[in-house]
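Topology and contacts: notes
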Amino acid sequence: MDLRSRQFASLYRHEISNGQLRSNLSKATLQAVDKRAQSFQEVDFPFLQKEARNIKREAISNLNELLSRFEDNARRNGCKIFYAQTPEKANAYILGVAQKFGARTAVKSKSMVTEEIGVVPFLAKYGIEAVETDLGEYIVQLAGESPSHITTPAIHKSRTEISRLFHEKIGTELNDDPAFLTAEARRVLREKFLSADLGISGANFLIAETGDVVIVENEGNARLSTSAVKVHVVVTGIEKVISNFSDLRIFMRLLGRSSTGQKLTSYVSLLRGPKGEDETDGPEEVHIVLLDNGRSNLLGTEHQEVLHCIRCGACLNVCPVYRSIGGHAYGSVYPGPIGSLVTPLYFGNENAPDLPFASSLCGNCTEVCPVGIEIHHQLLAMRHEIKSKSGTSVERFIFKNYRKTMLRPGRYRLMSKVVRALARTSLLRLLMRGWYPYRETPQFPPRSFREMYKSGEIK
Amino acid sequence: MMEDDREKIFASIRKGLRQSERYSAERSSKSPLLDKPGPDFLSLFEKFRSELKTLGGEAVSVQDEAEAFELINTRSHANEALFIYEEIKSKYALLTSSLSERKSVKFQPEFSHGYDRHEAAKFKGVVTGCYACVAETGTVILRTAMRLPAALATQLFVVARGADLRPSLDQIFTEDTARFGGSNLFLVTGPSRTADIEKQLVTGVHGPKDVFVIFMKS
Ligand code: SF4
């Protein structure tokens, strides 16, 4: 994976000045937020959220037992299990499987973990073409870009841009009708499905009780990537395991609603091993690669709950920062509020020191999170960790005094007078020059609310 | 095959978990649905029908197999190949014999292990039975020994009986279902869809564009 989160400051400056991007993003995210809200009207969201949080908490706090159980049951179903600590190890294993089957083409369905390990460019080095089959992923693959959203990878692109891209790369006529563009992608990809030997997918859930792999999607590409091939490789994180099959009644009602505002996604595939003796098609072998890559280091820390994430993308859609800068600015496959946690936590604070600061801490993310992760509190804790180790002396001075000010009313009153006076000069603009080019700040009133209230000016 | 990192990962998990409490979740049996359809077939069917309709699919209730055939025959494209799944043959003799008189019809047993995938892609329509249907979401559940035709076709006809209809996902995700046989269970909810281009909905991406569910009264 090409991690560029250290360059966050320059990346977001570039993205934020792109008006087209901001308009694409705001249109798409606002629509997603509306649809989500509507879809939760028929169900008791607080109840589902509480149940989901508890089930995930149970799963993560018993991870070794659940993984062992999953492993036993999946093996009994005929699957092969491989644990990989690093992306390199996971990729090497997948390559081995591909070579065993002589695969030249692989069809891949959308999965964040496969982005994390960079399996597509890795296989390409060995002459194996791995084709993205989700429409959004296919678009970004053709453009040579990375996804900019967890569930809507091409959210940053307009139909006109996509039409031009298809024209250049696959020779379609210039037509920006989404139905036309989708039909063209279907035409090209259908042939890939019918000729590929290897299918690569992620997993939304692994069920310890039954050894099932659960994949949720809308287009039918994951169903084909896992059914039309000789061998299917599932690549997923160790944190995806949950205890019971019946727990799906909670997660299935949350996932579709949270990600796309659907009561249930068009397809839920419950996959239990390779093709049976009495079955005519389906993969001859199913391999499940369970990736750690920093996840187990979160256990026992205050960030353990970050492992509860089911990657629905709801926190991205409601985040004012994500809406302004889009996914690429984060320089990581995991963007948005959850990405600002996962990226430094999985790949090291030193590789993404600015991401936990890419938040207004408004708490919208926490409110919509279907598994109740306290995202904004987590971000605050990460800031504290990062700054306690690396803050400059000026920052330490400011925050120390800020704390004192907030704790002492007299000092607070004095400081607010100073800030109001400063606001009337150009000094504040000079001090906050990073802020002003992009936003307006409301005028400070000459007197504080308290003073106005005391004098009877407001009642 | 190369050696994996199981032991290292488990050691790391154990080390981390030593510092955290084990937690066991109490699961509530309460249904999260605020509005539940009545238990009789008619209310369940109405709910199923309206959910599927919202998604762009269609559910109809027919008297008998002759009516089911009429429906499939008029809705499918007369000259295009139709694939008939095994359950239809084993459960609905009259429907099967009517369908077999159509042009370009193939039955599941005519295919054997290792068949050419391009063959499966030739069918524009498939007729299949189902494991269950869910009124809450307009979902049909397929469990099949031959996955591809139903995943590739443009038109999916599902023939169901009233008894197949369950009120909600609560009745689907049970211990009983957990024991399903075979390698797969697919929950299909309306046509295949995407909104990846400017959030505009387009149906019929890689899976069926038309989903018809026919409930047999008799
Ligand atoms: S943190 Fe919560 S809202 Fe964000 S992607 Fe994960 S589950 Fe969804």
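Once a new chain begins, its residue numbering starts again from 1 and follows that chain's sequence as written. Written order decides the labels, with chains lettered from A and ligands numbered from 1. The model is predicted, so local features are restricted to residues of pLDDT at least 70 and side-chain atom pairs to those at 80 or more, both for listing and for counting; the totals for chains, interfaces and linings are taken over all residues. Here the side-chain values reflect all heavy atoms present in the structure, with hydrogen atoms and water set aside.

Considerations on the overall build of chain A
- The way it works is that DSSP assigns letters per residue, a run of H or I at least four long becomes a helix, a run of E at least two long becomes a strand, and they are numbered from the N terminus. Assigned secondary structure in chain A consists of 21 helices and 10 strands.
- Restricting the calculation to C-alpha atoms gives the radius of gyration, and the globule rule supplies 2.2 Å times the number of residues raised to the power 0.38. In terms of overall size, chain A behaves like a compact globule, its C-alpha atoms giving a radius of gyration of 24 Å where 459 residues would be expected to give roughly 23 Å.
- Summarising its shape, the C-alpha atoms of chain A cover approximately 85 × 55 × 45 Å along the three principal directions.
- Across the 459 residues in chain A, those meeting the buried criterion constitute 60%.
- A total accessible area of about 18,300 Å² is found for chain A, and carbon and sulfur atoms account for 53% of it. Burial classes: relative accessible area under 20% of the type maximum marks a residue as buried, over 50% as exposed, and values in between as partly exposed (1.4 Å probe, protein chains only). Working definition of accessibility: Shrake-Rupley area with a 1.4 Å probe, residue cover restricted to the visible protein chains.

Here we look at the domain arrangement of chain A
- What fixes the domain bounds is an automatic or database domain assignment. Looking at the assigned domains, one finds that chain A contains domain 1 (43-296) and domain 2 (395-454).
- Taking the mean C-alpha position of each, domain 1 of chain A and domain 2 of chain A sit 49 Å from one another.

So, the packing of aromatic side chains
- Think of it this way: a Phe, Tyr or Trp ring, Trp meaning its six-membered ring, pairs with another when their centres are within 6.5 Å, and the plane angle makes it stacked under 30 degrees, edge-to-face over 60, tilted otherwise. Scanning all chains against the criterion turns up 23 aromatic pairs over all chains.
- For the pair phenylalanine 205 of chain A and phenylalanine 251 of chain A, a centre-to-centre distance of 5.0 Å together with 40° between the ring planes defines the contact as tilted. Of the two residues, phenylalanine 205 of chain A sits in strand β5 (residues 205-207) while phenylalanine 251 of chain A sits in helix α12 (residues 248-260), which places them 46 residues apart along the sequence.
- For phenylalanine 205 of chain A, a relative accessible area of 0% gives the class buried.
- Phenylalanine 251 of chain A gets classed as buried once you look at its relative accessible area, which sits at 0%.
- Put simply, the rings of Phe83, Tyr85, Phe111, Tyr115 and Phe123 of chain B touch in pairs and so form one group of aromatic residues.
- Over the ring of phenylalanine 357 of chain A we find lysine 387 of chain A, and its NZ or CZ is 5.4 Å from the ring centre.
- In this structure, lysine 30 of chain B packs its charged tip against the face of phenylalanine 47 of chain A, placed 4.5 Å from the ring centre. By definition, being over a ring means that NZ of Lys or CZ of Arg is both within 6 Å of the ring centre and within 35 degrees of the ring normal.

Structural notes on the sheet that holds strand β9 (residues 267-271) of chain A
- As summarised here, the arrangement of the eight strands in space is β8(A)-β5(A)-β6(A)-β9(A)-β9(B)-β6(B)-β5(B)-β8(B), forming an open sheet in which the pairing is mixed. Here the strands that pair on one side only, and so sit at the sheet edges, are β8 (241-242) of chain A together with β8 (165-166) of chain B.
- Pairing between strands is defined by DSSP: at least two bridges between them are needed. Judged from the three bridges that link them, β5 of chain A and strand β6 (residues 212-217) of chain A form a sheet pairing that is antiparallel. In the strand pairing of β6 of chain A, isoleucine 207 of chain A is matched with aspartate 212 of chain A.

Description of empty space enclosed by the protein
Residues and elements named next belong to chain A.
- Grid points spaced at 1 Å and placed over the protein atoms alone form the basis of the search, with a cavity being a set where a 1.4 Å probe fits but cannot get out and a pocket an open set showing protein on both sides within 12 Å along at least five of seven lines. Lining residues have an atom within 4 Å of a point. Grid points are joined across faces, edges and corners, and a volume is the space filled by probe spheres set on the points. Considering all chains together, one arrives at five cavities of 30 Å³ or more under this definition.
- Forming the boundary of the largest cavity are 13 residues, of which Cys309, Cys312, Cys315, Cys369 and Pro370 lie nearest the centre.
- Side-chain classes follow a simple rule in which Ala, Val, Leu, Ile, Met, Phe, Trp, Tyr, Cys and Pro form the nonpolar group, Asp, Glu, Lys and Arg form the charged group, and the remainder, Gly included, forms the polar group. Class assignment for the residues of the lining of the largest cavity results in 11 nonpolar, one polar and one charged.

Description of the interface of chain A and chain B
- Should any heavy atoms of two residues lie within 4.5 Å, those residues are counted as being in contact. Counting residues at the interface gives 112 residues for chain A, matched by 89 residues for chain B.
- Each of two parts loses accessible area, computed with a 1.4 Å probe, when they are put together; buried area is these two losses added. When residues of chain A are sorted by the area they lose upon contact with chain B, Leu194, Arg223 and Thr280 of chain A head the list and together hold 9% of the total.
- Basic side-chain nitrogens of Lys or Arg form a salt bridge, by our definition, when they fall within 4 Å of a carboxyl oxygen of Asp or Glu. Seen at the junction of chain A and chain B, the total is 14 salt bridges.
- Of all the elements, helix α10 (residues 178-195) of chain A adds the most residues to the side of chain A that touches chain B, at 11 residues.

Details of the nonpolar core
- Residues Phe205, Leu248, Met252 and Ile288 of chain A together with Phe48 and Val213 of chain B are the most contacted members of the largest nonpolar core, which totals 189 residues.
- Contact partners of isoleucine 288 of chain A, with chain neighbours within four places excluded, come to Phe70, Ala74, Cys79, Lys80, Ile81, Phe82, Val213 and Val234 of chain A.
- As used here, the term nonpolar core means buried Ala, Val, Leu, Ile, Met, Phe, Trp, Tyr and Cys residues forming a set that is joined through side-chain atoms within 4.5 Å. One finds Val60, Ala68, Ile72 and Ile214 of chain B within the second-largest nonpolar core, a separate group that totals 20 residues.

Quick look at the layout of surface pockets
Residues and elements named next belong to chain A.
- Of the voids in this model, the largest pocket is the one considered here, and its volume is about 2,400 Å³.
- Along the wall of the largest pocket there are 49 residues; nearest its centre are Arg383, Ile398, Phe399, Tyr402 and Met432.
- Looking at the lining of the largest pocket element by element, the count peaks at nine residues for helix α18 (residues 393-407).
- Here the lining of the largest pocket is composed, by residue class, of 23 nonpolar, 11 polar and 15 charged.

Examining helix α9 (residues 159-170) of chain A
Residue and element names in this part refer to chain A.
- By this rule the span expected of a helix is its residue count minus one, scaled by 1.5 Å. Its 12 residues give α9 an end-to-end C-alpha distance of 16 Å, which sits within 8% of 16 Å, the value for a rise of 1.5 Å per residue.
- Every buried residue of α9 is accounted for by Ile162, Ser163, Leu165 and Phe166. The arc that holds every buried residue of α9, seen down its axis, measures 165°, which confines them to one face.
- Buried residues along α9 sit against α8 (135-143) and α10. By definition, the arc is the one covered by directions from the helix axis to the C-beta atoms.

Description of the pairing of strand β10 (residues 285-291) of chain A
Residue and element names in this part refer to chain A.
- Counting buried residues in β10 gives seven out of seven residues, a clear majority hidden from the surface.
- Residue alternation in β10 divides its side chains into two sets, Glu285, His287, Val289 and Leu291 and Val286, Ile288 and Leu290, and both sets are buried.
- Two strands pair when backbone bridges link them, and strand β1 (residues 80-84) and β10 are joined in this way by five bridges, in the parallel orientation. Within β10, the position partnered with alanine 84 by the bridge is leucine 291.
- In this sheet, β10 lies alongside strand β7 (residues 231-237) in parallel orientation, the contact comprising seven bridges. By the bridge assignment, glycine 237 is partnered in β10 with leucine 291.

A word on the side chain of serine 158 of chain A
- Note that serine 158 of chain A resides in the loop between α8 and α9.
- Excluding residues within four positions of it along the chain, serine 158 of chain A makes contact with Gln20 and Asn24 of chain A together with Glu198 of chain B.

Digging into helix α2 (residues 19-39) of chain A
Residues and elements named next belong to chain A.
- Here α2 contains 21 residues, and its C-alpha end-to-end distance of 30 Å stays within 8% of the 30 Å for a straight helix at 1.5 Å per residue.
- Within α2, the full set of buried residues consists of Leu21, Asn24, Leu25, Ala28, Thr29, Ala32, Arg36 and Ser39. Angular distribution of buried residues about the axis of α2 spans 110°; they occupy a single face of the element. Facing away from the buried side of α2, by more than 90 degrees, are the exposed residues Asp34 and Gln38.
- Whenever two N or O atoms come within 3.5 Å, that pair is a polar contact, provided that in protein one can donate a hydrogen and the other can accept it, and provided that, for residues adjacent in sequence, both atoms are side-chain atoms. For α2, the side-chain oxygen to backbone nitrogen distance between the N-cap and glutamine 20 is 3.2 Å, and the N-cap itself is asparagine 18.

As for the pattern of salt bridges
Residue and element names in this part refer to chain A.
- A complete count under the given rule lists 38 salt bridges over all chains for this structure.
- Note that glutamate 184 is salt-bridged to arginine 187, the shortest N-O span being 2.7 Å. Residue glutamate 184 and its partner arginine 187 are both found in helix α10; the two are separated by three residues, about one turn of the helix.
- You can call glutamate 184 buried: its relative accessible area is 15%.

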